[in-house]
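An overview of the molecular structure
Listed below are the residues making up each chain.
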Amino acid sequence: MRTENYNKPVLPEKMNINLTIKKKPTALDEYLDNDEMELPPFHFALVELSQYVEGCINITFSNGFNITLDLFCDFLICLDDIIDSINAAKSLHEKIKEIWFCEQGSDFYLYYQVKNKAISLSYKKGKSVGMPNKAIPDFLIEVSTSEYITQWENIFQKLIMLFEEILDQKIRVPF
């Protein structure tokens, strides 16, 4: 058995997160009411935005794998868990948690573990995972916490710009 590679430091992989937005025919929901829904401002702005656009978030890793999140069915539903992962990375607090993208057609898990200045991400498919994520094999990757934070902050900033442009609302980053 060869052991010389076990002592070499593992270099973090690269991660890139992109937001793709497409305008759709506007379908206003006259019953959409934040007082009734009791959502934080960022969350409700996303719900409002869904009346005007459709979108996805592509998370690409240097190992060649790409996870696709629907902006509303995946990202919005798991927004609190995503924010928790960002805050864990910011605090460098050693934490092991999962984000379950549970909506119909998604059904996959993204486990994360903050370790010092790196965050380990593990993608695991559920039994009902659909396309496009079905074709991705389960994998484990490590990225720097600073890159993880920066990539997510960029997505949140782009969404804030959309809130201003489309909804004429100034919303703050929720973390």
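That block above? That's the structure.
Residues numbered from 1 in each chain as written. Predicted model: local features only at pLDDT ≥ 70, side-chain atom pairs only at ≥ 80, totals over all residues. Heavy atoms only, no water.

1. A closer look at the pattern of salt bridges
Considering all chains together, one arrives at three salt bridges under this definition. Between Glu153 and Lys90 there is a salt bridge, with its nearest N and O atoms 3.4 Å apart. With Glu153 in helix 5 (residues 145–167) and Lys90 in helix 4 (residues 79–91), this residue pair connects regions lying 63 residues apart in the sequence. With relative accessibility at 29%, the residue Glu153 sits in the partly exposed group. (Salt bridge = Lys/Arg side-chain N within 4 Å of Asp/Glu carboxyl O. Helix = DSSP H or I, 4+ residues; strand = E, 2+ residues; numbered from the N terminus. Buried < 20%, exposed > 50% of the residue type's maximum accessible area, 1.4 Å probe, protein only.)

2. Quick word on a negative patch on the surface
A grouping of Asp33, Asp35, Glu36 and Glu38 is seen on the molecular surface, where their side chains present a negatively charged patch. Of note, Glu38 is situated in the loop between helix 1 (34–37) and helix 2 (41–49). On the basis of relative accessibility, which here comes to 66%, the residue Glu38 falls in the exposed class. (Patch = residues over 30% accessible without salt bridge, like charges linked within 9 Å, V, L, I, M, F, W, Y side chains within 5 Å. Areas by Shrake-Rupley, 256 points an atom, 1.4 Å probe, with all protein chains shown as cover. Lys, Arg positive; Asp, Glu negative; His and termini not counted. Charge placed at Lys NZ, Arg CZ, Asp CG, Glu CD.)

3. Some points on helix 4
With 13 residues, helix 4 extends 18 Å from end C-alpha to end C-alpha; this agrees with the ideal 18 Å at 1.5 Å per step. All of the buried residues along helix 4 are Leu79, Ile82, Ile83, Ser85, Ile86, Ala88 and Ala89. Positioned one or two residues after helix 4, Leu92 has a phi angle of 55°, which is positive. (Expected span 1.5 Å × (residues − 1).)

4. Examining helix 2
Of all the nine residues making up helix 2, eight are buried; the element is thus mostly covered by neighbouring parts of the structure. Of the residues making up helix 2, those classed as buried are Phe42, His43, Phe44, Ala45, Leu46, Val47, Glu48 and Leu49. Buried residues along helix 2 sit in contact with helix 1, strand 2 (53–61), helix 3 (71–76), helix 4 and helix 5. (Contact = heavy atoms within 4.5 Å.)

5. With respect to the sheet that holds strand 6 (residues 118–125)
Strand pairs in the sheet, formed through backbone hydrogen bonds, run parallel or antiparallel to each other. The strand order across the open sheet built from four strands is 4-5-6-7, with neighbouring strands paired in antiparallel fashion. The open sheet is flanked by strand 4 (96–101) and strand 7 (139–144), the only strands paired with a single partner. Along the sheet, successive strands turn relative to each other by an average axial angle of 20°, direction set aside. When strand 6 meets strand 7, the two strands line up antiparallel, connected through six bridges. Among the inter-strand pairings, Ser120 is bridged to a residue of strand 7, identified as Glu142. Across the sheet, helix 4 touches strand 4 and strand 5 (108–115), and the angle it forms with strand 5 is around 20°. Those strands touched by helix 5 are strand 5, strand 6 and strand 7, and its axis lies near 90° from that of strand 7. (Pairing = 2+ DSSP bridges. Axes fitted to C-alpha atoms, helices over the stretch in contact; angles between N-to-C directions.)

6. Here's the deal with the packing of helix 4 against helix 5
Geometry of a packed helix pair, given as the angle between the helix axes and the separation of the axes. Taken N-terminus to C-terminus, the directions of helix 4 and helix 5 make an angle of 140°; their axes are 9 Å apart at the nearest point. Classified by the angle between their axes, helix 4 and helix 5 sit oblique to one another. In the packing of helix 4 onto helix 5, the handedness of the crossing is left-handed. Facing helix 4, whose interface residues are Leu79, Ile82, Ile83, Ser85, Ile86, Ala89 and Lys90, helix 5 presents Thr145, Tyr148, Ile149, Trp152, Glu153 and Phe156. Classifying every residue of the contact of helix 4 with helix 5 gives nine nonpolar, two polar and two charged. (Parallel < 35°, antiparallel > 145°, perpendicular 65-115°, else oblique. Left-handed = near helix turned anticlockwise from the far one by under 90°. Nonpolar A, V, L, I, M, F, W, Y, C, P; charged D, E, K, R; others polar.)

7. Section: the packing of aromatic side chains
According to the stated counting rule, one finds twelve aromatic pairs in the structure shown. Centroid distance Phe42 to Phe163: 5.1 Å. Interplanar angle 70°. Geometry classified as edge-to-face. Residue Phe42 is found in helix 2, and its partner Phe163 is found in helix 5; the two are separated by 121 residues along the sequence. Each member of the pair, Phe42 together with Phe163, is buried. Members of the aromatic cluster, joined through ring pairs, are Phe42, Phe75, Trp152, Phe156, Phe163 and Phe175. (Phe/Tyr/Trp six-rings, centres within 6.5 Å; stacked < 30°, edge-to-face > 60°.)

8. Notes on the packing of helix 2 against helix 5
Running from amino to carboxyl end, helix 2 crosses helix 5 at an angle of 60°, the nearest separation of the two axes being 10 Å. By the angle between their axes, helix 2 is oblique relative to helix 5. Of the two elements, helix 2 crosses helix 5, and the hand of that crossing is left-handed. Facing helix 2, whose interface residues are Phe42, Ala45, Leu46, Glu48 and Leu49, helix 5 presents Phe156, Leu159, Ile160, Leu162, Phe163, Ile166 and Leu167. Across the contact of helix 2 with helix 5, the residue classes tally to eleven nonpolar, no polar and one charged.

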